[in-house]
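# Structural overview for review
As a plain string of letters, each chain reads:
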Amino acid sequence: MRPVAAIVLIFTLIFPSLCFGTDPGATNPAALVGYSPATGQSEREWEAKYRAIPDPANLREYMRRLSARPHHVGSPYDKDNAEWILAHFKEWGLDAHIERFDVLFPTPKIRVLEMVAPTKFTAKLEEPALAIDPTSNQKDEQLPTYNAYSIDGDVTAPLVFVNYGLPEDYENLDRLGISVKGAIVIAKYLHSWRGVKPKVAAEHGAIGCLIYSEPQDDGYTRDNVFPVGPMRPPDGVQRGSVMDFASNSPGDPLTPGIGATPDAKRLALKDAKSITKIPVLPISYGDAQPLLTALAGPMAPDEWRGSLPIPYHVGPGPAMVHLKVAFNWDIKPVYDVIAKIPGSVAPDEWIIRGNHHDAWVNGAEDPISAQVSLLEEARSMGLLLKQGWKPRRTIIYCAWDGEEPMLLGSTEWAETHADELRQHAAVYINTDSNDRGILNMGGSHSLEQFINGVARDIEDPETRMTVWQRAQLNAIANAKSADDRKELRQRSDLRINALGSGTDFTAYLDHIGIATLDLEYGGEDEGAGIYHSVYDDFYWYTHFSDTNFVYGRALAQTVGTSVIRLADAEVLPFDFVDFADTMEMYTKDLEKLLADKQEEIRERNQELDEGMFKATFDPRRPTVAPEKEEIPPHLNFAPMQNAVDSLTRSAKHYQQALAQKQASLGDDAFAAKLGALNRELIETERKLTNADGLPRRPWYKHLLYAPGVYSGYGVKTVPGVREGIEQKQYAEAEQEIVRVARALEDESTVIESAARDLEQTQR
Ligand SMILES: [Zn+2]
C-alpha cells in the first residue's frame, strides 16, 4: 500500500501536528502553574512545536540498532551502544560526555542443578534459539541464565516448595509443621522483588534457593507462549539481580555511599554486605516441573498451587537436589552517557531525565523501548534550540549503564555528584520501559498536580482521548468501592503512586531527596512473558507490544513536555495541597494498619482460647496451632496529625500567594527576584530526608518513601513507622512518628516562608 504511505508522508511534512489529530495541549485554556498568562501562552506554543517532532519511525530504528546484540554490563556492545548514544547527543547539538565507573559485576563460571534422588534429573539451564527469532541465536554474547550477586555455593539438600517465598509463606509452613532449616527452597517468581526470596529463605535456615517462572503467572495460562504468543516458553528464564539492596544500598557493593571512581576505597569482597547469604539460581518451568513433581509431604495450600499438571506438594523431599554455582567476581566498567542543555536564566537549577541503556540480553522492551523515547526527546529538544528556544533552567539527559545488576550507573553517578545534586537538582524524571496502554504516573506528591496537568495535554494514540481521561476512566473501571469511584470523579487530580525502587530513580529520591517522577505506558501488553530472557528482543517487541511505536511517541511527548515545562517555569510548578492531602491519607492508613493488627491478634487469641484450632484439626492433614501473641500497644499519632494540619495550612497559603502573583511572573524584573523562592522550593523535598536515614539502613534518607525491606520494589510509605508496626517494633514506630512529624513541620515552615517571600516580592 505504498501510495497511501506516500500521501501520509507528504501530509506529515506540511502539517506535522495535524497528523495526530489536534494537540490537546495546544488548545488547553487552563493556566500553567508557575507561569504568567503571557509566558504560559508562549510556553504552550513551544510545547506544541516540541510534541509535533517525535517520530515513531526513528524510535523503531533506534530500537533495531540498540537491541541488535546482547548489551549487558561489560559486554562489547554495551560500550558500543554508549558511544553510539554519545555521538547522537552531540550530533543533535547537546553538550555530552561519558562518565565511567568501575563496579563489581559477577558473571557465572559454574552452574549445576541436578536431582540426585529419588530419580535423577539434570536441569538444562538453557534458553534455546528459535529459528523465527533472528537474535535468539547470539549464544556467544548472551549471558547465561543466573541471578547476579548470588554467593558462590555447593549444596545438596532436600527440596521444599515455599510459594512466593514471602515472610507470610513461612508462617503458613509453620502451620503445616514444616521447617526449611538445612533445605533448598524452590520459590515462584513475582509478588516480591526476587532478592527478597533468598533473603527470607536464609533467615529461616535454608541453604540454597531456586526461583522459577510459574506458567500461571507469565506462561501458557495467560496466553500462547512465544513465538506464537507473547508469553514465557517452557525453557524461558528470568535473569536478574538478587542483591540485598533494600536493607543496605543499591549500586556497587564494594563502594556503598561513595562513587565507584578509579581512586575510590573499595571493600574486600567478603565485607560486601549486599551479596546473598545462600546460593541462588533462576530456572524455567521446564526445569522446575520434574523437581516439583518429585515432592511429597502435605499438599500446598490452594492459593499456592500453579497451573503445571501436577499435585503441588510442599515437601521436604524426597526430592534431593544438588545446586552448585560459582562466579567470576570481576570489576567491570559502566558507561553513563550524560548530555547537558545549559539554562539561560537559572543554570544552577537542574532538571534531570534518565533511562538505562544496559540490558540482561538484547532488552528491546527492558529498557530500549523507553531509552528510544529519551533519545527522541533529546533530538527534538536539539531542534527546538535551533529554532530559538532557551530553557530557563539546565536540563541534563542521562543514559544510565548497569541498571539491571542493581542501579549501578545511576547510583554511582548520584553518589559521585551528591553535593552538586543537593545544591542544584530540582526534579529527576525516570522511565525504564514502555508498552501500550494507560499512563502510569508515580512520584513525589509535590509533583502530583503538575504531572496531572501534563497528562491532560497528551493525546492517547488508541482512543484519541487525552491520556489523563483514559487513565481516569480506567481507574474508575477498576475501582473497588463506590467511595473510590466518587473520589476519582470529583478530585481534580488523579492520585499518583508513591515510589518504591526497582529502577534508576532510587538514589535521586531515596538517598539525595530530589522530587521525582517515574512514568510509563502499559497494561495492554504482556511484557512479563519475556522479561529478562533472550526473547526480549526486536522480534518480540515488534510483534507483541507497541508494534508501530505510537506509545513510544506518546512517552516522548509526555516526558519531554514535562521536562520543558519544568525547565521554563518562572516558579517551579510544585504544589503542596495534593501533598498535604496525601500525608493526611498516609497518617490515617498507619492508624488503620495498627488497629487492624490489634484486631487480628485479639481475634486469633480468642480463637485459641475457644479451641478453634482443636476443632478444625484433621489428623490426616495435621497442622500446628499458632502461639498466642501480645496485642500491639496503642501508639501516639498526635505529632503526625498536628504536623499534617500545619502542612495543610501552609500549602493553601502558598497556593493562594502564587495565584495572586501570577500576573507578575512574566515581568522580567519580578522574575529576576525569584531565585531565593525557587531555592526554597527545591529544598522542600530535601526537608523530607533525614541525615541519619531509616532505622538499620542509613543510606535510605527519605522519611516518606522507601522500598520495603521485605517487599523490595514495592513501596513502603512512611517506612520507619509502617515497617516498625509490621515488624512489631512498636517503640521504634513511636520514635519514627516523632521524626516524621518533625520533618513535616520543617516542610511546612519552608512552604510558609516561600508563601511569604512570594507575597513580599515586588516588581
Ligand atoms: Zn529496566
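Residues numbered from 1 in each chain as written. Predicted model: local features only at pLDDT ≥ 70, side-chain atom pairs only at ≥ 80, totals over all residues. Heavy atoms only, no water.

One finds Phe89, Leu113, Tyr212, Leu292, Leu421, Tyr654 and Leu744 to be the most contacted residues of the largest nonpolar core, which totals 221 residues. Counting residues per element, this core draws most heavily on helix α26 (residues 730-760), which supplies 11 residues. With near-sequence residues (within four places) excluded, Leu292 lies in contact with Phe161, Ile186, Tyr212, Leu308, Ile310 and Tyr312. (Core = buried A, V, L, I, M, F, W, Y, C linked by side-chain atoms within 4.5 Å. Buried < 20%, exposed > 50% of the residue type's maximum accessible area, 1.4 Å probe, protein only. Helix = DSSP H or I, 4+ residues; strand = E, 2+ residues; numbered from the N terminus. Contact = heavy atoms within 4.5 Å.)

Attention now goes to helix α25 (residues 719-726). Most of α25 sits inside the fold, with 7 of its 8 residues counted as buried. All buried positions along α25 are accounted for by Pro719, Gly720, Val721, Arg722, Glu723, Gly724 and Ile725. Where α25 is buried, its residues contact α20 (577-610), β15 (705-707), β16 (715-717) and α26. Count one or two residues on from α25 and you reach Lys728, which has phi positive near 60°.

To describe a pair of aromatic rings, one takes the distance between the centres and the angle between the planes. Under the defined criterion, the tally for this structure stands at 23 aromatic pairs. Between Tyr62 and Trp84, the ring centres sit 6.1 Å apart and the planes meet at 70°, which makes this aromatic pair edge-to-face. Residue Tyr62 is found in helix α4 (residues 56-66), and its partner Trp84 is found in helix α5 (residues 76-91); the two are separated by 22 residues along the sequence. Ring centres of Tyr62 and Trp92 lie 6.0 Å apart, and the angle between their planes is 50°; this geometry places the pair in the tilted category. Pair noted here: Tyr62 is in helix α4 and Trp92 is in the loop between α5 and β1 (95-117), with a separation of 30 residues, a long-range link. For the cation-ring pair, Arg456 lies above Trp468, with the distance from its terminal atom to the ring centre recorded as 4.2 Å. (Phe/Tyr/Trp six-rings, centres within 6.5 Å; stacked < 30°, edge-to-face > 60°. Lys NZ or Arg CZ within 6 Å of the ring centre and 35° of its normal.)

This brings us to the confidence of the model for the chain. Looking at the chain as a whole, its pLDDT mean stands at 95, while 97% of the residues score no less than 70. Predicted confidence is poor over residues 1-20, with pLDDT under 50, and the contacts of this stretch with residues over four places away or in other chains come to 11 contacts. (pLDDT = per-residue confidence, 0-100.)

Let's shift gears to the pairing of strand β14 (residues 515-523). Most of β14 sits inside the fold, with 7 of its 9 residues counted as buried. As paired strands, strand β12 (residues 425-430) and β14 are joined by 4 bridges and run parallel to one another. In the strand pairing of β14, Val427 is matched with Ala515. Pairing analysis gives 7 bridges linking strand β13 (residues 437-443) to β14, with the strands arranged antiparallel. Bridge pairing in β14 places Asn440 opposite Glu520. (Pairing = 2+ DSSP bridges.)

Surrounding the zinc ion are the protein donor atoms His356 (NE2), Asp366 (OD), Asp432 (OD) and Asp432 (OD), which sit 2.0 to 2.8 Å from the metal. One can describe the donor arrangement at the zinc ion as irregular, given that its 4 donor atoms subtend angles of 51 to 142° at the metal. Taken in sequence order, the residues that donate to the zinc ion follow the motif H-x9-D-x65-D. You can see Asp366 sitting in helix α10 (residues 364-386) and its partner Asp432 sitting in the loop between β12 and β13, a full 66 residues away along the chain. Given the relative accessible area of 7%, Asp366 is considered buried. (Donors = N, O, S within 2.8 Å, 3.2 Å for Na, K, Ca; no water. Tetrahedral: all angles 85-135°; square planar, octahedral: opposite > 155°, others 65-115°.)

With respect to the helices and strands, Glu171 occurs in helix α6 (residues 167-175). You can call Glu171 partly exposed: its relative accessible area is 47%.

It is worth spelling out unusual backbone geometry at this point. The omega torsion of the bond from Gly317 to Pro318 falls at 0°, within 30 degrees of zero and hence cis. Note on placement: Pro318 falls in the loop between α9 (285-293) and β9 (320-341). Looking along the chain, the bond that leaves Asp366 and enters Pro367 is cis, with omega of 10°. Tracing the chain through its elements places Pro367 in helix α10. Phi is positive for Tyr149, which is not a glycine, with a value near 75°. Tracing the sequence through the fold places Tyr149 in the loop between β3 (147-148) and β4 (153-161). Relative accessible area serves as the criterion here: at 1%, Tyr149 is assigned to the buried category.

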